[in-house]
Amino acid sequence: MRRLVPLAAFVLCGTVVMLAGQAPQAPAAAAPQAAAPAGGPPADWLPPTPKNLKVLPKETDPKQLMEIMRGYNAAMGVRCVYCHVAGPDPNDMSAYNFESDRKEHKEATRAMMKYTDAVNQAFPKEVGDPPKPGESYVTCFTCHQGQRHPPLKPKAAAPGAPAAAAPPRP
Ligand code: HEC
Ligand code: HEC
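These figures come from a predicted structure and were not determined experimentally.

Asks: I'm lost on the coordination of the iron atom of ligand 2 in this one. Help?
Replies: Between any two of four tetrahedral donors, the ideal angle at the metal is 109.5 degrees; between two of six octahedral donors, it is 90 or 180 degrees. There is one protein donor for the iron atom of ligand 2, and it is H144 (NE2), at 2.1 Å. Looking at the secondary structure, you find H144 in helix α4 (residues 140-144).

And the structure:
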(Lines give C-alpha, C1' and ligand atoms only; values in the text may rest on other atoms or scores of the structure.)
(Ligands and ions follow the chains in the order given, each with its own letter.)
Protein backbone atom coordinates (compact mmCIF):
# COMPACT_ATOMS: atom_id res chain seq x y z
CA MET A 1 0.00 0.00 0.00
CA ARG A 2 2.80 2.39 0.92
CA ARG A 3 4.17 2.57 -2.62
CA LEU A 4 0.94 3.78 -4.11
CA VAL A 5 1.03 7.25 -2.64
CA PRO A 6 4.31 8.34 -4.25
CA LEU A 7 3.08 6.84 -7.49
CA ALA A 8 -0.04 8.99 -7.42
CA ALA A 9 2.05 12.03 -6.63
CA PHE A 10 4.28 11.27 -9.57
CA VAL A 11 1.50 10.70 -12.01
CA LEU A 12 -0.26 13.86 -10.93
CA CYS A 13 2.81 15.97 -11.19
CA GLY A 14 3.73 14.54 -14.55
CA THR A 15 0.28 15.51 -15.68
CA VAL A 16 0.57 19.08 -14.53
CA VAL A 17 3.96 19.49 -16.15
CA MET A 18 2.74 17.98 -19.39
CA LEU A 19 -0.40 20.05 -19.57
CA ALA A 20 1.50 23.22 -18.86
CA GLY A 21 4.00 22.35 -21.56
CA GLN A 22 1.37 21.44 -24.12
CA ALA A 23 -1.34 24.00 -23.65
CA PRO A 24 -0.20 26.73 -26.06
CA GLN A 25 0.77 24.39 -28.87
CA ALA A 26 -1.43 23.16 -31.67
CA PRO A 27 -1.65 19.36 -31.83
CA ALA A 28 1.55 18.09 -33.41
CA ALA A 29 0.86 17.82 -37.12
CA ALA A 30 3.86 15.57 -37.64
CA ALA A 31 2.64 12.68 -35.49
CA PRO A 32 0.96 10.33 -37.96
CA GLN A 33 0.64 7.50 -35.43
CA ALA A 34 -1.29 9.61 -32.91
CA ALA A 35 -5.05 10.08 -32.89
CA ALA A 36 -6.04 13.75 -32.73
CA PRO A 37 -5.54 14.81 -29.12
CA ALA A 38 -8.28 17.43 -29.46
CA GLY A 39 -11.85 16.51 -28.56
CA GLY A 40 -11.45 15.32 -24.97
CA PRO A 41 -14.22 16.03 -22.49
CA PRO A 42 -15.06 19.69 -21.68
CA ALA A 43 -12.75 21.29 -19.09
CA ASP A 44 -15.33 21.14 -16.28
CA TRP A 45 -16.56 17.59 -17.00
CA LEU A 46 -16.08 15.12 -14.15
CA PRO A 47 -16.57 11.34 -14.19
CA PRO A 48 -18.50 9.46 -11.49
CA THR A 49 -16.62 8.23 -8.42
CA PRO A 50 -14.13 5.58 -9.62
CA LYS A 51 -15.02 1.95 -8.87
CA ASN A 52 -12.23 -0.05 -10.43
CA LEU A 53 -8.87 1.50 -9.51
CA LYS A 54 -6.18 -1.17 -9.15
CA VAL A 55 -2.99 0.89 -9.24
CA LEU A 56 -3.97 4.41 -8.18
CA PRO A 57 -5.10 4.84 -4.56
CA LYS A 58 -8.76 3.85 -4.22
CA GLU A 59 -9.61 7.22 -2.68
CA THR A 60 -8.43 9.20 -5.75
CA ASP A 61 -11.28 11.64 -6.36
CA PRO A 62 -12.78 12.40 -9.79
CA LYS A 63 -10.96 15.73 -10.09
CA GLN A 64 -7.50 14.25 -9.36
CA LEU A 65 -8.31 11.35 -11.63
CA MET A 66 -9.15 13.69 -14.51
CA GLU A 67 -5.83 15.50 -14.17
CA ILE A 68 -4.08 12.15 -14.43
CA MET A 69 -6.21 10.99 -17.37
CA ARG A 70 -5.79 14.24 -19.30
CA GLY A 71 -2.08 13.81 -18.65
CA TYR A 72 -2.14 10.40 -20.35
CA ASN A 73 -3.92 11.90 -23.35
CA ALA A 74 -1.22 14.56 -23.61
CA ALA A 75 1.73 12.25 -22.93
CA MET A 76 0.67 9.83 -25.65
CA GLY A 77 -1.18 12.05 -28.14
CA VAL A 78 -4.35 9.97 -27.79
CA ARG A 79 -7.93 10.42 -26.62
CA CYS A 80 -9.87 8.71 -23.83
CA VAL A 81 -11.20 6.12 -26.29
CA TYR A 82 -7.69 4.75 -26.80
CA CYS A 83 -7.88 3.11 -23.36
CA HIS A 84 -11.60 3.16 -22.55
CA VAL A 85 -14.71 1.51 -24.00
CA ALA A 86 -16.87 4.22 -25.63
CA GLY A 87 -20.36 4.24 -27.12
CA PRO A 88 -20.94 4.87 -30.85
CA ASP A 89 -19.69 8.47 -30.49
CA PRO A 90 -16.38 8.75 -28.58
CA ASN A 91 -17.18 12.41 -27.84
CA ASP A 92 -20.26 11.38 -25.85
CA MET A 93 -18.77 11.08 -22.36
CA SER A 94 -22.02 9.72 -20.90
CA ALA A 95 -21.81 6.60 -23.09
CA TYR A 96 -18.36 5.46 -21.84
CA ASN A 97 -17.85 2.45 -19.63
CA PHE A 98 -14.73 3.69 -17.83
CA GLU A 99 -14.54 0.92 -15.27
CA SER A 100 -14.38 -1.78 -17.95
CA ASP A 101 -10.95 -3.41 -18.39
CA ARG A 102 -11.74 -4.70 -21.87
CA LYS A 103 -9.27 -2.52 -23.77
CA GLU A 104 -5.75 -3.92 -23.75
CA HIS A 105 -4.28 -0.42 -23.72
CA LYS A 106 -5.82 0.16 -20.30
CA GLU A 107 -4.12 -2.94 -18.91
CA ALA A 108 -0.85 -1.96 -20.64
CA THR A 109 -1.14 1.43 -18.98
CA ARG A 110 -1.44 -0.14 -15.54
CA ALA A 111 1.81 -1.99 -16.22
CA MET A 112 3.44 1.23 -17.45
CA MET A 113 2.31 3.10 -14.31
CA LYS A 114 4.09 0.53 -12.13
CA TYR A 115 7.10 0.54 -14.43
CA THR A 116 7.39 4.33 -14.26
CA ASP A 117 7.19 4.17 -10.47
CA ALA A 118 9.99 1.59 -10.45
CA VAL A 119 12.13 3.73 -12.79
CA ASN A 120 11.78 6.64 -10.38
CA GLN A 121 12.60 4.52 -7.34
CA ALA A 122 15.74 3.25 -9.11
CA PHE A 123 16.88 6.68 -10.30
CA PRO A 124 20.49 7.21 -9.13
CA LYS A 125 20.31 9.67 -6.23
CA GLU A 126 23.75 11.10 -7.04
CA VAL A 127 22.64 12.36 -10.45
CA GLY A 128 20.84 15.66 -10.95
CA ASP A 129 18.77 17.54 -8.40
CA PRO A 130 16.16 15.69 -6.37
CA PRO A 131 12.65 16.34 -7.71
CA LYS A 132 10.53 18.93 -5.90
CA PRO A 133 7.78 17.60 -3.63
CA GLY A 134 5.02 16.12 -5.77
CA GLU A 135 7.32 15.86 -8.80
CA SER A 136 9.43 12.99 -10.06
CA TYR A 137 12.48 12.37 -12.21
CA VAL A 138 10.70 10.48 -14.96
CA THR A 139 7.11 10.87 -16.22
CA CYS A 140 5.15 9.27 -19.04
CA PHE A 141 5.98 12.32 -21.12
CA THR A 142 9.73 11.90 -20.56
CA CYS A 143 9.62 8.90 -22.88
CA HIS A 144 6.44 9.26 -24.90
CA GLN A 145 6.77 12.93 -25.89
CA GLY A 146 3.17 13.07 -27.06
CA GLN A 147 3.40 9.83 -29.08
CA ARG A 148 2.11 6.29 -28.67
CA HIS A 149 5.50 4.89 -29.52
CA PRO A 150 8.37 6.79 -27.91
CA PRO A 151 10.90 8.01 -30.47
CA LEU A 152 14.04 5.88 -30.74
CA LYS A 153 16.15 8.40 -32.64
CA PRO A 154 16.22 12.15 -33.17
CA LYS A 155 13.85 13.26 -35.91
CA ALA A 156 15.44 13.70 -39.34
CA ALA A 157 15.61 17.38 -40.23
CA ALA A 158 13.07 18.59 -42.81
CA PRO A 159 14.63 19.71 -46.11
CA GLY A 160 15.93 23.26 -45.76
CA ALA A 161 15.65 23.18 -41.95
CA PRO A 162 18.75 23.61 -39.81
CA ALA A 163 20.56 20.34 -39.07
CA ALA A 164 18.77 18.36 -36.38
CA ALA A 165 21.85 17.72 -34.31
CA ALA A 166 24.72 20.10 -33.68
CA PRO A 167 28.14 18.69 -34.59
CA PRO A 168 29.70 16.89 -31.66
CA ARG A 169 31.81 19.14 -29.46
CA PRO A 170 35.32 18.16 -28.52
C1 HEC B 1 -3.28 5.63 -21.89
C2 HEC B 1 -4.49 5.02 -21.31
C3 HEC B 1 -5.57 5.92 -20.75
C4 HEC B 1 -6.12 7.06 -21.31
C5 HEC B 1 -5.72 7.76 -22.59
C6 HEC B 1 -7.19 7.46 -20.42
N7 HEC B 1 -7.29 6.59 -19.38
FE8 HEC B 1 -8.72 6.63 -17.92
N9 HEC B 1 -7.83 5.03 -17.01
C10 HEC B 1 -6.70 4.37 -17.46
C11 HEC B 1 -6.32 3.35 -16.50
C12 HEC B 1 -5.14 2.41 -16.61
C13 HEC B 1 -7.26 3.42 -15.46
C14 HEC B 1 -7.29 2.52 -14.21
C15 HEC B 1 -6.25 3.01 -13.19
C16 HEC B 1 -6.10 2.07 -12.02
O17 HEC B 1 -6.42 0.88 -12.14
O18 HEC B 1 -5.62 2.52 -10.94
C19 HEC B 1 -8.21 4.48 -15.82
C20 HEC B 1 -9.32 4.83 -15.04
C21 HEC B 1 -10.26 5.78 -15.41
C22 HEC B 1 -11.48 6.06 -14.70
C23 HEC B 1 -11.96 5.34 -13.44
C24 HEC B 1 -12.92 4.23 -13.82
C25 HEC B 1 -13.39 3.44 -12.61
O26 HEC B 1 -14.59 3.47 -12.30
O27 HEC B 1 -12.52 2.81 -11.97
C28 HEC B 1 -12.11 7.07 -15.36
C29 HEC B 1 -13.44 7.72 -15.00
C30 HEC B 1 -11.27 7.44 -16.48
N31 HEC B 1 -10.15 6.63 -16.48
C32 HEC B 1 -11.57 8.45 -17.36
C33 HEC B 1 -10.75 8.81 -18.42
C34 HEC B 1 -11.03 9.94 -19.29
C35 HEC B 1 -12.22 10.86 -19.18
C36 HEC B 1 -10.02 9.99 -20.21
C37 HEC B 1 -9.77 11.02 -21.30
C38 HEC B 1 -9.68 12.40 -20.82
C39 HEC B 1 -9.13 8.88 -19.91
N40 HEC B 1 -9.59 8.21 -18.83
C41 HEC B 1 -7.99 8.58 -20.64
C42 HEC B 1 -6.06 4.60 -18.65
C43 HEC B 1 -6.32 5.64 -19.52
C1 HEC C 1 11.27 4.88 -19.71
C2 HEC C 1 10.42 5.16 -20.87
C3 HEC C 1 8.91 5.07 -20.68
C4 HEC C 1 8.13 5.59 -19.69
C5 HEC C 1 8.56 6.38 -18.46
C6 HEC C 1 6.76 5.28 -20.03
N7 HEC C 1 6.72 4.58 -21.20
FE8 HEC C 1 5.05 3.79 -22.07
N9 HEC C 1 6.21 2.83 -23.42
C10 HEC C 1 7.58 2.97 -23.54
C11 HEC C 1 8.03 2.14 -24.64
C12 HEC C 1 9.48 2.02 -25.13
C13 HEC C 1 6.89 1.48 -25.15
C14 HEC C 1 6.80 0.47 -26.31
C15 HEC C 1 6.52 1.34 -27.49
C16 HEC C 1 6.25 0.64 -28.76
O17 HEC C 1 5.53 -0.38 -28.76
O18 HEC C 1 6.73 1.15 -29.77
C19 HEC C 1 5.77 1.93 -24.34
C20 HEC C 1 4.46 1.52 -24.54
C21 HEC C 1 3.36 2.01 -23.87
C22 HEC C 1 2.00 1.62 -24.13
C23 HEC C 1 1.53 0.61 -25.17
C24 HEC C 1 1.43 1.38 -26.47
C25 HEC C 1 0.49 0.81 -27.46
O26 HEC C 1 0.06 1.58 -28.36
O27 HEC C 1 0.14 -0.38 -27.37
C28 HEC C 1 1.21 2.37 -23.31
C29 HEC C 1 -0.31 2.34 -23.23
C30 HEC C 1 2.09 3.20 -22.52
N31 HEC C 1 3.38 2.94 -22.89
C32 HEC C 1 1.68 4.11 -21.57
C33 HEC C 1 2.55 4.78 -20.70
C34 HEC C 1 2.10 5.58 -19.59
C35 HEC C 1 0.65 5.91 -19.28
C36 HEC C 1 3.22 5.99 -18.92
C37 HEC C 1 3.31 6.78 -17.62
C38 HEC C 1 2.58 6.21 -16.49
C39 HEC C 1 4.36 5.45 -19.64
N40 HEC C 1 3.89 4.71 -20.70
C41 HEC C 1 5.68 5.66 -19.28
C42 HEC C 1 8.39 3.75 -22.78
C43 HEC C 1 8.01 4.41 -21.63
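Asks: Quick question: what am I supposed to make of the site of ligand 1 here?
Replies: Surveying the vicinity of ligand 1 reveals 27 residues, the closest of which are M69, C80, C83, H84 and R110. At 2.7 Å, a backbone N or O of N52 approaches an oxygen atom of ligand 1. The contact in question runs from an oxygen atom of ligand 1 to an N or O atom on the backbone of V55, over 2.9 Å. For the shell around ligand 1, the secondary-structure elements that each account for two or more residues are α2 (62-76) and α3 (104-122). Counted by class, the shell around ligand 1 contains 17 nonpolar, 4 polar and 6 charged residues.

Asks: Please clarify how the pattern of salt bridges should be interpreted in this entry.
Replies: Pairing between side chains becomes possible if they bear opposite charge and their charged atoms approach one another. With the rule as written, the count across this model stands at 5 salt bridges. When the shortest N-O distance is used, the salt bridge between E99 and K51 registers 3.1 Å. Taken together, the residues span a long stretch of sequence, with E99 in the loop between α2 and α3 and K51 in the loop between α1 (4-22) and α2 at a distance of 48 residues. You can call E99 partly exposed: its relative accessible area is 38%. Here R110 makes a salt bridge to E107, at a shortest N to O gap of 3.1 Å. With R110 and E107 both in helix α3 and 3 residues apart, the pair spans about one turn of that helix. Owing to a relative accessible area of 8%, R110 belongs among the buried residues under this scheme.

Asks: I would appreciate a short explanation of the site of ligand 2 in the present structure.
Replies: Neighbouring ligand 2 are 17 residues; Y82, M112, C140, C143 and H144 lie closest to it. One nitrogen or oxygen atom from the side chain of Y82 is found 2.3 Å from an oxygen atom belonging to ligand 2. In the environment of ligand 2, an oxygen atom lies 2.6 Å from a nitrogen or oxygen atom belonging to the side chain of H149. For the shell around ligand 2, the leading source of residues is α3, giving 6 residues. Grouping the constituent residues of the shell around ligand 2 by class yields 10 nonpolar, 6 polar and 1 charged.

Asks: Help me out: how do you make sense of the coordination of the iron atom of ligand 1 in this one?
Replies: Looking at the metal site, the iron atom of ligand 1 is ligated by M69 (SD) and H84 (NE2), spaced 2.0 to 2.3 Å from it. Because the angles between the 6 donor atoms bound to the iron atom of ligand 1 fall within 84 to 180 degrees, the donor set is best described as octahedral. Highlighted residues: M69 in helix α2 and H84 in the loop between α2 and α3, separated in sequence by 15 residues. Overall, H84 belongs to the buried group, its relative accessible area being 11%.

Conventions used here
- Along each chain, the written sequence defines residue order, and numbers are assigned to residues from 1.
- Each chain gets a letter, beginning with A, and each ligand a number, beginning with 1, in the order they are written.
- Only residues with pLDDT of 70 or above have their local features reported here, since the model is predicted, and side-chain atom pairs are shown and tallied only from 80 upward, although totals for entire chains, interfaces and linings are computed over all residues.
- Hydrogen atoms and water are omitted, and side-chain values are computed over all heavy atoms in the structure.
- Sites may look incomplete because water is not among the atoms; the donors themselves are N, O and S atoms within 2.8 Å of the metal, or within 3.2 Å for Na, K and Ca.
- Per the convention used, a helix needs a DSSP run of H or I reaching at least four residues, while a strand needs a run of E reaching at least two, with both numbered from the N terminus.
- One heavy atom suffices: a residue is near a molecule or strand as soon as one of its heavy atoms comes within 4 Å of it.
- Whenever a nitrogen or oxygen atom comes within 3.5 Å of another N or O atom, the pair is scored as a polar contact, on the condition that within protein one atom can donate a hydrogen and the other can accept it, and that pairs from neighbouring residues in sequence are kept only if both atoms are in side chains.
- Charged means Asp, Glu, Lys or Arg here, nonpolar means Ala, Val, Leu, Ile, Met, Phe, Trp, Tyr, Cys or Pro, and polar covers whatever is left, Gly included.
- The term salt bridge refers to a pairing of a side-chain nitrogen on Lys or Arg with a carboxyl oxygen on Asp or Glu at a separation within 4 Å.
- Exposed residues in this analysis have more than 50% of their type's maximum accessible area, buried residues have under 20%, and partly exposed residues fall in between, with area computed by a 1.4 Å probe over protein chains only.
- In this scheme the shape depends on donor count and angles: four donors with every angle between 85 and 135 degrees give tetrahedral, four or six donors with opposite pairs above 155 degrees and others between 65 and 115 give square planar or octahedral in turn, and any other case is irregular.

All we've got here are geometric facts, nothing functional implied.
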